[in-house]
Amino acid sequence: MPRILFVCLGNICRSPAAEGVLRALEPDWEIDSAGTGDWHVGEPPYGPMQQAAQARGYELGGLRARQFTRADFGRWDRIVAMDDANLANIERLRPAGDGTEVVLMMAFAPETGISEVPDPYYTRDFDGALDLIEAAARGLAAQSAPRD
Ligand code: 4NP
């Protein structure tokens, strides 16, 4: 089964939402999320994001934030970053010789023409973030589906 790690900044908005959305699409995959920052470690997802997700049928309340570490390299088939800053912060920690794929979330939804998931902690557009995350999660699931 594919092993996917979603990464954002705080691990309380975008990456836990992505974890919940992909888990709904692919219940058998190994899926986790983490933040490059440590401010919210141990906390559940941000209330407004939990509510926006719940309105679409995703339950995020059991998740707890953790920080991304070097040890995540090698544990995942793909590390999926929500924006360019997340991607750069992840790459800064890559161990020498590690070949883990690190990719932007919106690369899985090229039809949107959008390259980053804007941070709803600042934009307050939780539904807009979920729209993008759902589109990319569908693309990620479709791309990894077995072909005949
Ligand atoms: P996220 O949003 O990266 O989507 O979880 C953020 C949440 C909190 C903070 C930054 C981003 N913060 O700086 O506290």
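Check the entry above for the structure.
Residues numbered from 1 in each chain as written. Predicted model: local features only at pLDDT ≥ 70, side-chain atom pairs only at ≥ 80, totals over all residues. Heavy atoms only, no water.

Undergrad: Any details on the nonpolar core? Residues and values, ideally.
TA: Ranked by internal contacts, the top residues of the largest apolar core, which has 36 residues, are Phe-6, Leu-22, Met-49 and Met-105. Listed by contribution, the elements that provide at least two residues to this core are β1 (3–8), α1 (14–25), α2 (47–54) and α5 (126–143). Tallying contributions element by element places α5 first for this core, with ten residues. Ignoring any residue separated from it by four or fewer positions in sequence, one finds Met-49 in contact with Ile-12, Cys-13, Arg-14, Ala-17, Leu-60, Pro-120, Phe-126, Ala-129 and Leu-130. In this structure, Ala-34, Ala-81, Ile-90 and Val-102 belong to the second largest nonpolar core, which totals eleven residues. (Core = buried A, V, L, I, M, F, W, Y, C linked by side-chain atoms within 4.5 Å. Buried < 20%, exposed > 50% of the residue type's maximum accessible area, 1.4 Å probe, protein only. Helix = DSSP H or I, 4+ residues; strand = E, 2+ residues; numbered from the N terminus. Contact = heavy atoms within 4.5 Å.)

Undergrad: Tell me about the pattern of salt bridges, and name the residues and values.
TA: Applying the stated criterion across every chain yields a total of twelve salt bridges. In this structure, Arg-56 and Glu-134 form a salt bridge, with 2.9 Å as the shortest nitrogen-oxygen distance. Separated by 78 residues along the polypeptide, Arg-56 in the loop between α2 and β3 (78–81) and Glu-134 in helix α5 bring together distant segments of the chain. We note a salt bridge from Asp-98 to Arg-94, for which the minimum N-O separation is 3.3 Å. Arg-94 gets classed as partly exposed once you look at its relative accessible area, which sits at 23%. Through salt bridges with shared partners, a single network forms among Arg-56, Asp-127, Asp-131 and Glu-134. (Salt bridge = Lys/Arg side-chain N within 4 Å of Asp/Glu carboxyl O.)

Undergrad: So what's going on with the packing of α2 against α5? Residues and values would help.
TA: It is at 9 Å that the axes of α2 and α5 come closest, and there the two elements cross at 55 degrees. By the angle between their axes, α2 is oblique relative to α5. Pair α2 / α5 crosses with right-handed handedness. Two secondary-structure elements touch here, α2 through Pro-48, Met-49, Ala-52 and Ala-53 and α5 through Phe-126, Asp-127, Ala-129 and Leu-130. (Axes fitted to C-alpha atoms, helices over the stretch in contact; angles between N-to-C directions. Parallel < 35°, antiparallel > 145°, perpendicular 65-115°, else oblique. Left-handed = near helix turned anticlockwise from the far one by under 90°.)

Undergrad: Tell me about the packing of α1 against α5, residues and numbers included.
TA: If you want to describe how two helices pack, look at the angle between their axes and the distance between the axes. Running from N to C, α1 and α5 point in directions that differ by 45 degrees, and their axes come no closer than 9 Å. With respect to each other, α1 and α5 are oriented oblique. For the crossing formed where α1 meets α5, the hand is right-handed. Across from Arg-14, Ala-17, Ala-18, Val-21, Leu-22 and Leu-25 in α1, the residues of α5 making contact are Leu-130, Ile-133, Glu-134, Ala-137, Arg-138, Leu-140 and Ala-141. Residues belonging to the contact of α1 with α5 are distributed by class as follows: ten nonpolar, no polar and three charged. (Nonpolar A, V, L, I, M, F, W, Y, C, P; charged D, E, K, R; others polar.)

Undergrad: Help me get a handle on the pairing of β1, residues and values and all.
TA: Sheet faces and side chains relate simply in a regular strand, where the side chains alternate between the two faces. Buried residues dominate β1, accounting for five of its six residues. When β1 meets strand β2 (residues 30–35), the two strands line up parallel, connected through six bridges. For Ile-4, the partnering residue across the bridge sits in β2 and is Ile-31. Running through α1, the crossover from β1 to the neighbouring parallel element β2 is right-handed. As defined by bridge partners, β1 adjoins β3 across four bridges and the pair is classed as parallel. (Pairing = 2+ DSSP bridges. Right-handed = clockwise from strand over helix to strand, strands pointing away.)

Undergrad: Describe in detail the side chain of Asn-86, supporting the description with residues and values.
TA: Considering the arrangement of structural elements, one finds Asn-86 in helix α3 (residues 84–91). A distance of 3.4 Å separates a polar atom in the side chain of Asn-86 from the backbone nitrogen of Met-82. If we ignore the near neighbours within four places in the chain, the residues touching Asn-86 are Val-7, Cys-8, Leu-9, Arg-14, Thr-36 and Ala-81. (Polar contact = N/O pair within 3.5 Å; in protein donor to acceptor, adjacent residues only side chain to side chain.)

Undergrad: Please set out the state of the cysteines residue by residue, giving values where relevant.
TA: Evaluation of the coordinates by the stated rule reveals zero disulfides. With no disulfide of its own, Cys-8 lies closest to Cys-13 among cysteine sulfurs, the gap being 7.1 Å. (Disulfide = S-S within 2.5 Å.)

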